[in-house]
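Results of the structural survey
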Amino acid sequence: MKTAVLTTIFFITVLRQSCVAQPEGEWTDIVSACIRGNDNWSGSASTMEECQELCESREDFRCLSVEFLPSTRTCLHSRYNRNSVPSTDDFTQPCYITGYQYSERRDFNFPWTETVEACIRLNNHGEHTVSSMEECQLLCERETDFQCLSVDFRDDRCLLSRYNRESVRPLSDYTQPCYVDGYQYAERVDKKYFWTDTAFACIRGNNNERHQNIESLEDCMDLCIEETSFTCLSVDFFPDSDNKDCLLSSFNRNSVQPSSDFTQPCYTRPTDGLYAERVNVGQWIPVIEDSCISGFNEWSGDVEDFESCKILCSQRSNCCSVDYNTGTNRCLMTSETRATASNTSFVSPCNGFSYAERTDVRCVT
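Residues numbered from 1 in each chain as written. Predicted model: local features only at pLDDT ≥ 70, side-chain atom pairs only at ≥ 80, totals over all residues. Heavy atoms only, no water.

The name an unreviewed UniProt entry assigns to the protein is Apple domain-containing protein, from the organism Holothuria leucospilota.

And the structure:
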(Lines give C-alpha, C1' and ligand atoms only; values in the text may rest on other atoms or scores of the structure.)
Protein backbone atom coordinates (compact mmCIF):
# COMPACT_ATOMS: atom_id res chain seq x y z
CA MET A 1 0.00 0.00 0.00
CA LYS A 2 2.82 2.41 0.90
CA THR A 3 4.55 1.63 -2.42
CA ALA A 4 1.38 2.51 -4.34
CA VAL A 5 1.00 5.83 -2.49
CA LEU A 6 4.63 6.77 -3.14
CA THR A 7 4.26 5.89 -6.82
CA THR A 8 1.17 8.08 -7.08
CA ILE A 9 2.96 10.99 -5.39
CA PHE A 10 5.93 10.55 -7.76
CA PHE A 11 3.75 10.74 -10.88
CA ILE A 12 1.84 13.75 -9.56
CA THR A 13 5.18 15.51 -8.93
CA VAL A 14 6.42 14.69 -12.43
CA LEU A 15 3.14 15.91 -13.93
CA ARG A 16 3.37 19.19 -12.02
CA GLN A 17 6.98 19.69 -13.09
CA SER A 18 6.09 19.04 -16.74
CA CYS A 19 3.50 21.82 -16.57
CA VAL A 20 5.96 24.41 -15.32
CA ALA A 21 6.99 26.87 -18.02
CA GLN A 22 10.58 26.36 -19.11
CA PRO A 23 12.48 28.91 -21.22
CA GLU A 24 14.13 27.64 -24.41
CA GLY A 25 17.00 30.13 -24.54
CA GLU A 26 20.11 30.48 -22.43
CA TRP A 27 19.98 32.75 -19.37
CA THR A 28 22.47 34.06 -16.86
CA ASP A 29 22.30 32.87 -13.27
CA ILE A 30 19.59 34.51 -11.18
CA VAL A 31 20.96 37.27 -8.93
CA SER A 32 19.53 39.85 -6.54
CA ALA A 33 19.55 42.85 -8.92
CA CYS A 34 17.38 44.96 -11.20
CA ILE A 35 17.38 47.70 -13.83
CA ARG A 36 15.96 50.98 -12.54
CA GLY A 37 13.17 52.66 -14.51
CA ASN A 38 13.65 50.84 -17.83
CA ASP A 39 10.85 48.28 -17.80
CA ASN A 40 8.96 47.94 -21.06
CA TRP A 41 6.31 45.49 -19.86
CA SER A 42 4.91 44.41 -16.52
CA GLY A 43 2.67 41.50 -15.68
CA SER A 44 2.49 38.40 -13.53
CA ALA A 45 4.16 35.01 -13.57
CA SER A 46 4.22 32.09 -11.16
CA THR A 47 7.97 31.54 -11.38
CA MET A 48 11.12 33.15 -12.71
CA GLU A 49 11.19 30.46 -15.46
CA GLU A 50 7.71 31.47 -16.59
CA CYS A 51 8.76 35.13 -16.58
CA GLN A 52 11.76 34.22 -18.78
CA GLU A 53 9.59 32.22 -21.16
CA LEU A 54 7.22 35.16 -21.57
CA CYS A 55 10.24 37.34 -22.37
CA GLU A 56 11.38 34.95 -25.11
CA SER A 57 7.93 34.95 -26.71
CA ARG A 58 7.64 38.74 -27.01
CA GLU A 59 6.90 40.09 -30.50
CA ASP A 60 6.42 43.79 -29.70
CA PHE A 61 10.03 44.48 -28.65
CA ARG A 62 13.38 42.71 -28.21
CA CYS A 63 13.31 41.43 -24.61
CA LEU A 64 16.82 41.09 -23.18
CA SER A 65 16.27 40.82 -19.42
CA VAL A 66 13.68 40.08 -16.73
CA GLU A 67 13.06 41.01 -13.11
CA PHE A 68 10.90 38.84 -10.88
CA LEU A 69 9.48 39.54 -7.41
CA PRO A 70 8.38 36.19 -5.88
CA SER A 71 6.29 37.73 -3.08
CA THR A 72 3.86 39.38 -5.52
CA ARG A 73 4.63 37.26 -8.63
CA THR A 74 5.50 40.45 -10.49
CA CYS A 75 7.28 39.91 -13.80
CA LEU A 76 9.04 42.82 -15.56
CA HIS A 77 10.54 42.74 -19.06
CA SER A 78 13.15 45.14 -20.44
CA ARG A 79 14.69 45.80 -23.85
CA TYR A 80 17.95 46.48 -21.98
CA ASN A 81 20.47 44.39 -20.10
CA ARG A 82 23.24 45.41 -17.69
CA ASN A 83 25.56 46.27 -20.61
CA SER A 84 23.15 48.14 -22.89
CA VAL A 85 21.16 50.10 -20.30
CA PRO A 86 21.37 53.88 -21.04
CA SER A 87 23.09 54.68 -17.74
CA THR A 88 25.33 52.20 -15.95
CA ASP A 89 23.93 53.52 -12.67
CA ASP A 90 20.51 52.16 -13.66
CA PHE A 91 21.66 48.59 -13.07
CA THR A 92 21.76 48.03 -9.30
CA GLN A 93 23.07 44.91 -7.58
CA PRO A 94 21.53 44.22 -5.15
CA CYS A 95 18.32 45.81 -6.40
CA TYR A 96 17.40 49.13 -4.80
CA ILE A 97 14.00 47.50 -4.06
CA THR A 98 14.37 44.48 -1.77
CA GLY A 99 13.42 41.07 -3.14
CA TYR A 100 13.78 41.47 -6.90
CA GLN A 101 15.57 38.73 -8.82
CA TYR A 102 17.28 39.45 -12.13
CA SER A 103 18.37 37.41 -15.17
CA GLU A 104 19.32 38.28 -18.76
CA ARG A 105 19.54 36.38 -22.02
CA ARG A 106 22.92 34.99 -23.03
CA ASP A 107 21.80 33.67 -26.43
CA PHE A 108 20.49 36.98 -27.68
CA ASN A 109 22.76 40.01 -27.45
CA PHE A 110 21.81 43.46 -28.67
CA PRO A 111 23.00 43.18 -32.30
CA TRP A 112 23.24 46.87 -33.24
CA THR A 113 25.73 49.70 -33.09
CA GLU A 114 24.83 52.85 -31.23
CA THR A 115 22.51 55.17 -33.15
CA VAL A 116 24.23 58.13 -34.82
CA GLU A 117 23.07 61.04 -36.97
CA ALA A 118 23.96 59.57 -40.36
CA CYS A 119 22.56 57.68 -43.33
CA ILE A 120 23.40 55.72 -46.47
CA ARG A 121 22.60 57.63 -49.64
CA LEU A 122 20.32 56.04 -52.27
CA ASN A 123 20.97 52.43 -51.32
CA ASN A 124 17.67 51.51 -49.69
CA HIS A 125 16.12 48.13 -50.45
CA GLY A 126 13.06 48.28 -48.20
CA GLU A 127 10.84 51.03 -46.80
CA HIS A 128 8.35 50.86 -43.92
CA THR A 129 6.31 53.14 -41.69
CA VAL A 130 7.14 52.61 -38.00
CA SER A 131 7.02 54.57 -34.76
CA SER A 132 10.55 54.01 -33.44
CA MET A 133 14.13 53.14 -34.34
CA GLU A 134 13.76 49.84 -32.48
CA GLU A 135 10.79 48.81 -34.64
CA CYS A 136 12.88 49.68 -37.67
CA GLN A 137 15.74 47.49 -36.42
CA LEU A 138 13.37 44.58 -35.74
CA LEU A 139 12.05 44.79 -39.31
CA CYS A 140 15.64 44.63 -40.54
CA GLU A 141 16.34 41.54 -38.42
CA ARG A 142 13.19 39.82 -39.75
CA GLU A 143 13.76 40.73 -43.40
CA THR A 144 13.83 37.62 -45.60
CA ASP A 145 13.98 39.04 -49.14
CA PHE A 146 17.59 40.22 -48.69
CA GLN A 147 20.36 40.40 -46.08
CA CYS A 148 19.56 43.60 -44.18
CA LEU A 149 22.68 45.15 -42.65
CA SER A 150 21.66 48.71 -41.68
CA VAL A 151 18.73 51.09 -41.20
CA ASP A 152 18.04 54.80 -41.64
CA PHE A 153 15.19 56.21 -39.52
CA ARG A 154 13.51 59.63 -39.39
CA ASP A 155 10.06 60.54 -38.05
CA ASP A 156 8.07 57.43 -39.01
CA ARG A 157 10.11 56.45 -42.07
CA CYS A 158 12.26 53.31 -41.86
CA LEU A 159 14.71 52.53 -44.68
CA LEU A 160 16.44 49.14 -44.84
CA SER A 161 19.69 48.50 -46.71
CA ARG A 162 21.73 45.46 -47.70
CA TYR A 163 24.82 47.63 -47.16
CA ASN A 164 26.59 49.14 -44.17
CA ARG A 165 29.12 51.99 -43.94
CA GLU A 166 32.00 49.69 -44.88
CA SER A 167 30.43 47.68 -47.69
CA VAL A 168 28.54 50.41 -49.56
CA ARG A 169 30.15 51.59 -52.80
CA PRO A 170 31.23 54.27 -53.21
CA LEU A 171 32.10 54.68 -49.53
CA SER A 172 31.12 58.36 -49.81
CA ASP A 173 27.47 57.24 -49.98
CA TYR A 174 27.66 56.89 -46.19
CA THR A 175 27.29 60.45 -44.85
CA GLN A 176 27.68 61.48 -41.19
CA PRO A 177 25.77 63.62 -40.44
CA CYS A 178 23.22 62.59 -43.03
CA TYR A 179 23.01 64.78 -46.12
CA VAL A 180 19.26 65.00 -45.32
CA ASP A 181 18.61 66.51 -41.87
CA GLY A 182 17.17 64.37 -39.12
CA TYR A 183 18.06 60.83 -40.13
CA GLN A 184 19.43 58.39 -37.58
CA TYR A 185 21.55 55.41 -38.57
CA ALA A 186 22.47 52.07 -37.02
CA GLU A 187 24.01 48.91 -38.43
CA ARG A 188 24.05 45.30 -37.35
CA VAL A 189 27.15 44.02 -35.60
CA ASP A 190 26.13 40.36 -35.81
CA LYS A 191 26.28 40.35 -39.63
CA LYS A 192 29.03 41.99 -41.64
CA TYR A 193 29.54 41.21 -45.30
CA PHE A 194 32.18 42.81 -47.50
CA TRP A 195 32.52 42.42 -51.23
CA THR A 196 35.20 43.41 -53.67
CA ASP A 197 34.34 45.88 -56.39
CA THR A 198 32.58 44.28 -59.34
CA ALA A 199 34.82 43.25 -62.24
CA PHE A 200 34.27 41.84 -65.72
CA ALA A 201 35.67 38.41 -64.84
CA CYS A 202 34.71 34.87 -63.83
CA ILE A 203 36.06 31.61 -62.42
CA ARG A 204 36.26 28.80 -64.97
CA GLY A 205 34.63 25.46 -64.12
CA ASN A 206 34.61 25.78 -60.33
CA ASN A 207 30.98 26.54 -59.67
CA ASN A 208 29.28 24.73 -56.79
CA GLU A 209 25.76 25.89 -57.48
CA ARG A 210 23.76 27.52 -60.29
CA HIS A 211 20.69 29.73 -59.97
CA GLN A 212 18.67 31.02 -62.90
CA ASN A 213 16.41 34.02 -63.54
CA ILE A 214 18.20 36.17 -60.97
CA GLU A 215 17.40 39.84 -61.43
CA SER A 216 20.55 41.55 -60.16
CA LEU A 217 24.12 41.04 -58.98
CA GLU A 218 22.99 42.04 -55.46
CA ASP A 219 20.42 39.21 -55.47
CA CYS A 220 23.16 36.82 -56.58
CA MET A 221 25.36 38.03 -53.70
CA ASP A 222 22.52 37.45 -51.24
CA LEU A 223 22.21 33.85 -52.45
CA CYS A 224 25.93 33.41 -51.80
CA ILE A 225 25.60 34.79 -48.25
CA GLU A 226 22.59 32.60 -47.49
CA GLU A 227 24.21 29.41 -48.78
CA THR A 228 24.58 26.78 -46.03
CA SER A 229 25.67 23.60 -47.85
CA PHE A 230 29.16 25.07 -48.51
CA THR A 231 31.09 28.27 -47.80
CA CYS A 232 30.39 30.54 -50.74
CA LEU A 233 33.29 32.90 -51.44
CA SER A 234 32.50 34.35 -54.89
CA VAL A 235 29.83 34.81 -57.55
CA ASP A 236 29.72 34.98 -61.34
CA PHE A 237 26.64 36.75 -62.69
CA PHE A 238 25.55 37.00 -66.33
CA PRO A 239 22.74 39.59 -66.53
CA ASP A 240 22.46 39.52 -70.32
CA SER A 241 22.29 35.75 -70.70
CA ASP A 242 18.99 34.08 -71.57
CA ASN A 243 18.69 32.55 -68.10
CA LYS A 244 20.31 35.38 -66.08
CA ASP A 245 22.68 32.85 -64.52
CA CYS A 246 24.08 33.28 -61.01
CA LEU A 247 26.97 30.91 -60.26
CA LEU A 248 28.22 30.38 -56.70
CA SER A 249 31.70 29.11 -55.91
CA SER A 250 33.64 27.98 -52.84
CA PHE A 251 36.77 29.51 -54.44
CA ASN A 252 37.93 33.06 -55.09
CA ARG A 253 40.64 34.46 -57.37
CA ASN A 254 43.38 33.64 -54.82
CA SER A 255 42.32 30.12 -53.83
CA VAL A 256 41.22 28.61 -57.16
CA GLN A 257 43.63 26.07 -58.69
CA PRO A 258 45.05 26.42 -61.19
CA SER A 259 45.14 30.21 -60.80
CA SER A 260 44.54 30.55 -64.57
CA ASP A 261 40.93 29.46 -63.94
CA PHE A 262 40.28 33.01 -62.83
CA THR A 263 39.95 34.92 -66.10
CA GLN A 264 39.62 38.69 -66.42
CA PRO A 265 37.73 39.45 -68.60
CA CYS A 266 35.60 36.31 -68.45
CA TYR A 267 36.73 33.73 -71.03
CA THR A 268 33.17 33.15 -72.30
CA ARG A 269 31.54 36.59 -72.12
CA PRO A 270 34.21 39.33 -71.91
CA THR A 271 31.71 42.19 -71.53
CA ASP A 272 28.91 40.32 -69.79
CA GLY A 273 30.31 38.22 -66.96
CA LEU A 274 30.30 40.09 -63.63
CA TYR A 275 32.43 38.82 -60.75
CA ALA A 276 32.66 39.70 -57.05
CA GLU A 277 34.06 37.89 -54.03
CA ARG A 278 33.50 38.01 -50.31
CA VAL A 279 36.18 39.59 -48.19
CA ASN A 280 37.10 38.79 -44.61
CA VAL A 281 38.53 42.13 -43.52
CA GLY A 282 39.98 40.62 -40.36
CA GLN A 283 40.74 42.26 -37.03
CA TRP A 284 42.84 45.41 -36.89
CA ILE A 285 44.53 47.56 -34.28
CA PRO A 286 43.27 51.14 -33.95
CA VAL A 287 44.82 53.48 -36.51
CA ILE A 288 48.18 54.97 -35.45
CA GLU A 289 48.21 58.50 -36.82
CA ASP A 290 51.20 59.97 -38.68
CA SER A 291 53.16 56.69 -38.66
CA CYS A 292 54.24 54.04 -41.15
CA ILE A 293 56.56 51.14 -41.92
CA SER A 294 59.27 52.55 -44.18
CA GLY A 295 60.78 50.59 -47.04
CA PHE A 296 58.56 47.49 -46.95
CA ASN A 297 55.82 48.42 -49.41
CA GLU A 298 54.95 45.42 -51.59
CA TRP A 299 51.62 46.51 -53.11
CA SER A 300 49.87 49.83 -53.58
CA GLY A 301 46.62 51.35 -54.77
CA ASP A 302 44.52 54.51 -54.66
CA VAL A 303 41.33 54.26 -52.58
CA GLU A 304 38.83 56.64 -51.02
CA ASP A 305 39.57 56.15 -47.32
CA PHE A 306 41.39 54.10 -44.68
CA GLU A 307 38.66 51.45 -44.51
CA SER A 308 38.96 50.82 -48.24
CA CYS A 309 42.72 50.48 -47.79
CA LYS A 310 42.18 47.75 -45.18
CA ILE A 311 39.70 46.00 -47.47
CA LEU A 312 42.24 46.14 -50.30
CA CYS A 313 44.84 44.58 -48.00
CA SER A 314 42.47 41.84 -46.84
CA GLN A 315 41.98 40.71 -50.43
CA ARG A 316 45.62 39.51 -50.36
CA SER A 317 46.30 36.34 -48.39
CA ASN A 318 49.67 37.61 -47.12
CA CYS A 319 48.98 41.31 -46.50
CA CYS A 320 49.33 42.20 -42.81
CA SER A 321 49.60 45.99 -42.50
CA VAL A 322 48.86 49.21 -44.38
CA ASP A 323 50.06 52.80 -44.58
CA TYR A 324 47.43 55.24 -45.84
CA ASN A 325 47.73 58.89 -46.83
CA THR A 326 44.44 60.78 -46.65
CA GLY A 327 45.84 63.66 -48.69
CA THR A 328 46.79 61.59 -51.71
CA ASN A 329 44.47 58.58 -51.13
CA ARG A 330 47.53 56.36 -51.47
CA CYS A 331 47.32 52.89 -49.89
CA LEU A 332 50.61 51.05 -49.31
CA MET A 333 50.49 47.41 -48.23
CA THR A 334 53.01 44.90 -46.89
CA SER A 335 53.28 41.40 -45.43
CA GLU A 336 55.30 42.86 -42.55
CA THR A 337 54.16 44.32 -39.22
CA ARG A 338 55.95 46.32 -36.54
CA ALA A 339 56.95 43.00 -34.98
CA THR A 340 58.49 41.50 -38.12
CA ALA A 341 60.04 44.56 -39.80
CA SER A 342 63.43 45.85 -38.67
CA ASN A 343 63.53 47.99 -35.53
CA THR A 344 64.21 51.20 -37.46
CA SER A 345 61.51 50.65 -40.09
CA PHE A 346 58.53 51.85 -38.06
CA VAL A 347 58.77 55.65 -38.11
CA SER A 348 56.74 58.51 -36.70
CA PRO A 349 56.04 61.14 -37.97
CA CYS A 350 55.69 59.77 -41.50
CA ASN A 351 54.79 62.43 -44.09
CA GLY A 352 51.03 62.29 -43.60
CA PHE A 353 50.69 58.49 -43.59
CA SER A 354 48.82 56.60 -40.88
CA TYR A 355 49.31 52.95 -40.00
CA ALA A 356 47.24 49.89 -39.04
CA GLU A 357 47.99 46.18 -38.84
CA ARG A 358 45.97 43.01 -38.62
CA THR A 359 45.76 41.19 -35.29
CA ASP A 360 44.05 37.99 -36.40
CA VAL A 361 45.91 34.68 -36.47
CA ARG A 362 47.37 34.98 -39.94
CA CYS A 363 49.55 37.97 -39.00
CA VAL A 364 50.50 37.16 -35.41
CA THR A 365 54.19 36.38 -34.91
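1. Here's the deal with the sheet that holds strand β12 (residues 184-187)
Two strands in a sheet stick together by hydrogen bonds in their backbones, pointing the same way (parallel) or opposite ways (antiparallel). Strand order in the open sheet made by the four strands is β8-β10-β9-β12, with antiparallel pairing throughout. Strands with a single pairing partner mark the edges of an open sheet, and in this sheet they are β8 (126-129) and β12. The average undirected angle you get between the axes of adjacent strands in this sheet is 20°. With five bridges joining them, strand β9 (residues 150-154) and strand β10 (residues 157-161) adopt antiparallel strand pairing. Bridge assignment links Val-151 to a residue of β10, and that residue is Leu-160. Most of the contacts of helix α3 (residues 133-142) go to β9, to which it runs at about 150°, and overall it touches β8, β9, β10 and β12. (Pairing = 2+ DSSP bridges. Helix = DSSP H or I, 4+ residues; strand = E, 2+ residues; numbered from the N terminus. Axes fitted to C-alpha atoms, helices over the stretch in contact; angles between N-to-C directions. Contact = heavy atoms within 4.5 Å.)

2. A short note on helix α2 (residues 48-56)
Of all the residues in α2, the buried ones are Met-48, Cys-51, Gln-52 and Cys-55. Looking down the long axis of α2, one finds its buried residues gathered within 100° of arc, a one-sided arrangement. Against the buried residues of α2 lie β3 (65-69), β4 (74-78) and β6 (101-104). (Buried < 20%, exposed > 50% of the residue type's maximum accessible area, 1.4 Å probe, protein only. Arc of directions from axis to C-beta.)

3. Details of the nonpolar core
Residues Trp-195, Cys-220, Val-235, Phe-237 and Leu-248 are the most contacted members of the largest nonpolar core, which totals 17 residues. Only α4 (217-226), β17 (234-237), β18 (246-249) and β20 (274-279) provide two or more residues apiece to this core. A total of five residues in this core trace back to one element, the largest contributor, which is α4. The contacts of Phe-237, once residues within four sequence positions are left out, are Ile-214, Glu-215, Ser-216, Leu-217, Cys-220, Lys-244, Asp-245, Cys-246, Asp-272, Gly-273 and Leu-274. Counting residues in each nonpolar core, the second largest holds 16 residues, with Val-281, Trp-284, Phe-306 and Tyr-324 among its members. (Core = buried A, V, L, I, M, F, W, Y, C linked by side-chain atoms within 4.5 Å.)

4. Some remarks on the sheet that holds strand β26 (residues 353-357)
The strand order across the open sheet built from four strands is β22-β24-β23-β26, with neighbouring strands paired in antiparallel fashion. The open sheet has two edge strands with one neighbour each: β22 (299-302) and β26. Across this sheet, the average inter-strand angle for adjacent strands is 20°, counted without regard to direction. For strand β23 (residues 321-325) and strand β24 (residues 330-334), the ladder comprises five bridges, and the chain directions are antiparallel. Across the sheet, residue Ser-321 finds its bridge partner in β24, namely Thr-334. Its contacts with the sheet place helix α5 (residues 306-314) against β22, β23, β24 and β26, and it is angled at close to 145° to β23.

5. Thoughts on the state of the cysteines
In the structure shown here, the tally under the stated rule is 12 disulfides. Note that Cys-136 is cross-linked by a disulfide to Cys-158, the S-S spacing being 2.1 Å. Sign of the S-S torsion, about 80° for the bond between Cys-136 and Cys-158, identifies this disulfide as right-handed. Remark: Cys-158 occurs in strand β10 and Cys-136 occurs in helix α3; sequence separation between them is 22 residues. Cys-158 matches Cys-136 in its accessibility class, with the two residues each being buried. A sulfur-sulfur distance of 2.0 Å marks the disulfide that ties Cys-309 to Cys-331. Residues Cys-309 and Cys-331 are joined by a disulfide whose S-S torsion is about 80°; by sign, that bridge is right-handed. With Cys-309 in helix α5 and Cys-331 in strand β24, the pair connects residues that are 22 residues apart, well separated along the chain. Accessibility assignment for this pair places Cys-309 and Cys-331 in one class, buried. (Disulfide = S-S within 2.5 Å.)

6. Here we look at the pairing of β22
Covered by surrounding structure in β22 are Trp-299 and Gly-301 only, the residues Ser-300 and Asp-302 on the alternate face being uncovered. Strand direction decides the pairing type here: β22 and β24, joined by four bridges, are antiparallel. Opposite Gly-301, over in β24, you have Cys-331 as the bridge partner.

7. A short note on the environment of Val-116
In this fold, Val-116 is placed in the loop between β6 and β7 (119-120). Those residues in contact with Val-116, other than ones at most four positions away along the chain, are Tyr-174, Gln-176, Tyr-183, Gln-184 and Tyr-185.

8. Focus on the layout of surface pockets
Over the atoms, a rolled probe matching the size of one water molecule traces out where space is still vacant. Considering only enclosed or pocket space, the largest pocket measures out at about 400 Å³ in volume. Lining of the largest pocket is provided by 14 residues; of these, Tyr-80, Ser-84, Phe-110, Glu-114 and Thr-115 occupy positions nearest its centre. Considering the residues around the second largest pocket, the lining is formed by 18 residues, among which Asn-252, Arg-278, Val-279, Asn-280 and Ser-314 are closest to the centre. If one sorts the elements of the lining of the second largest pocket by residue count, β20 sits on top with three residues. Here the residues of the lining of the second largest pocket sort into four nonpolar, seven polar and seven charged. (1 Å grid on protein atoms, 1.4 Å probe; cavity = no way out; pocket = protein on both sides within 12 Å on 5 of 7 lines; lining within 4 Å. Points joined across faces, edges and corners; volume = space filled by probe spheres on them. Nonpolar A, V, L, I, M, F, W, Y, C, P; charged D, E, K, R; others polar.)

9. Some words on the pattern of salt bridges
Under the criterion given, the structure shown has 19 salt bridges. Residue Glu-215 is joined to Lys-244 by a salt bridge in which the shortest nitrogen-to-oxygen separation is 3.3 Å. A residue pair is termed long-range when its members are at least 10 positions apart, and Glu-215 in the loop between β16 (209-211) and α4 and Lys-244 in the loop between β17 and β18 qualify at 29 residues. Taking the relative accessible area as the measure of exposure, Glu-215 reaches 55% and is therefore exposed. Exposure remark for Lys-244: the relative accessible area of 28% places this residue in the partly exposed category. (Salt bridge = Lys/Arg side-chain N within 4 Å of Asp/Glu carboxyl O.)

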